[in-house]
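As a plain string of letters, each chain reads:
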Amino acid sequence: MTGLKSVLSHSASVVTRKTGSEYVLVPIANNIADMNSVFTLNETGAYIWELIDGKRNTGEIIRALTHEYDIDNASAAKDVFLFLENMSNYLIINI
């Protein structure tokens with residue numbers, strides 16, 4: 001479970017490519033791209049992805065999202081925790 005103090009990082013087994021304001025994430029297993037598990041992040045997901053740097057904690061990411069998109073803290077927290085849950089389920093981030 002991710003808490004507000006959890007510091008997150010990207011998994012080393014994921015290749016990322018930025019295309020415009022979106023990211024494409026490709027999991028790698030045994031040096032082979034798993035093209036059946038490709039993820040595309042929209043602008044908001046890409047923003048959260050960029051904030052996951054192994055230094056910021058979840059609370060800092062939520063605060064940054066509230067400022068960037070001018071939304072309330074509860075909405076930002078809901079969006080960030082859902083994003084993190086999805087990414088951790090597919091081992092795309094390390095918690």
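All values derive from a computational prediction rather than experimental measurement.

Conventions adopted
- Residues numbered from 1 in each chain as written.
- Predicted model: local features only at pLDDT ≥ 70, side-chain atom pairs only at ≥ 80, totals over all residues.
- Heavy atoms only, no water.
- Helix = DSSP H or I, 4+ residues; strand = E, 2+ residues; numbered from the N terminus.
- Rg over C-alpha atoms; globule rule 2.2 N^0.38 Å.
- Buried < 20%, exposed > 50% of the residue type's maximum accessible area, 1.4 Å probe, protein only.
- Phe/Tyr/Trp six-rings, centres within 6.5 Å; stacked < 30°, edge-to-face > 60°.
- 1 Å grid on protein atoms, 1.4 Å probe; cavity = no way out; pocket = protein on both sides within 12 Å on 5 of 7 lines; lining within 4 Å.
- Points joined across faces, edges and corners; volume = space filled by probe spheres on them.
- pLDDT = per-residue confidence, 0-100.
- Polar contact = N/O pair within 3.5 Å; in protein donor to acceptor, adjacent residues only side chain to side chain.

Peer 1: Looking at this structure, I do not really get the overall build of the protein. What am I missing?
Peer 2: When helices and strands are tallied, the protein shows three helices and six strands. Secondary structure elements of the protein occur, N-terminal to C-terminal, as β-β-β-β-β-α-α-α-β. Relative to the globule expectation of 12 Å for 95 residues, the C-alpha radius of gyration of the protein, 13 Å, shows essentially globular dimensions. Seen through its C-alpha atoms, the protein measures out along the principal axes to roughly 40 × 30 × 20 Å. Scored against the burial criterion, the 95 residues of the protein give a buried share of 36%.

Peer 1: For this particular structure, what's the right way to read the packing of aromatic side chains?
Peer 2: Any pair of aromatic rings gets described here by the distance separating the centres and the angle formed by the planes. Inspection of the entire model under this criterion finds two aromatic pairs. Taking the centre distance of 5.8 Å and the plane angle of 85° together, the rings of Tyr-47 and Tyr-69 count as edge-to-face. Linking Tyr-47 in helix α1 (residues 43-51) with Tyr-69 in helix α2 (residues 58-69), this pair joins segments that are 22 residues apart in sequence. Residue Tyr-69 is classed as partly exposed on the basis of its relative accessible area of 26%.

Peer 1: Before we go on, may I ask you to explain the layout of surface pockets in this structure?
Peer 2: Regions of empty space are outlined by a rolling probe, equal in size to a water molecule, passed over the atoms. Each pocket or cavity is described by its volume, and for the largest pocket that value is around 190 Å³. Taken together, Phe-39, Thr-40, Leu-41, Asn-42, Thr-44, Gly-45, Ile-48, Asp-79, Leu-82, Phe-83, Asn-86 and Met-87 make up the full set of residues lining the largest pocket. Listing elements by their share of the lining of the largest pocket, those giving two or more residues are β5 (39-41), α1 and α3 (73-89). The greatest single-element share of the lining of the largest pocket, amounting to five residues, is contributed by α3.

Peer 1: Looking at this structure, how should I read the confidence of the model for the protein?
Peer 2: Segments scoring low in pLDDT should not have their predicted coordinates read at a detailed level. Taken residue by residue, the protein gives an average pLDDT of 92. The fraction at 70 or more is 99%. At the level of individual helices and strands, the protein shows its lowest average pLDDT in strand β4 (residues 32-33), which scores 83, and its highest in α2, which scores 97.

Peer 1: Please clarify how α1 should be interpreted in this entry.
Peer 2: Residue pairs spaced three or four apart in an α-helix point in one direction, given the helix's 3.6 residues per turn. Of all the positions in α1, only Gly-45, Ala-46, Tyr-47, Ile-48, Trp-49 and Leu-51 are classed as buried. Sitting at the amino-terminal end of α1 is Asn-42, which places a side-chain oxygen 3.1 Å from the backbone nitrogen of Thr-44.

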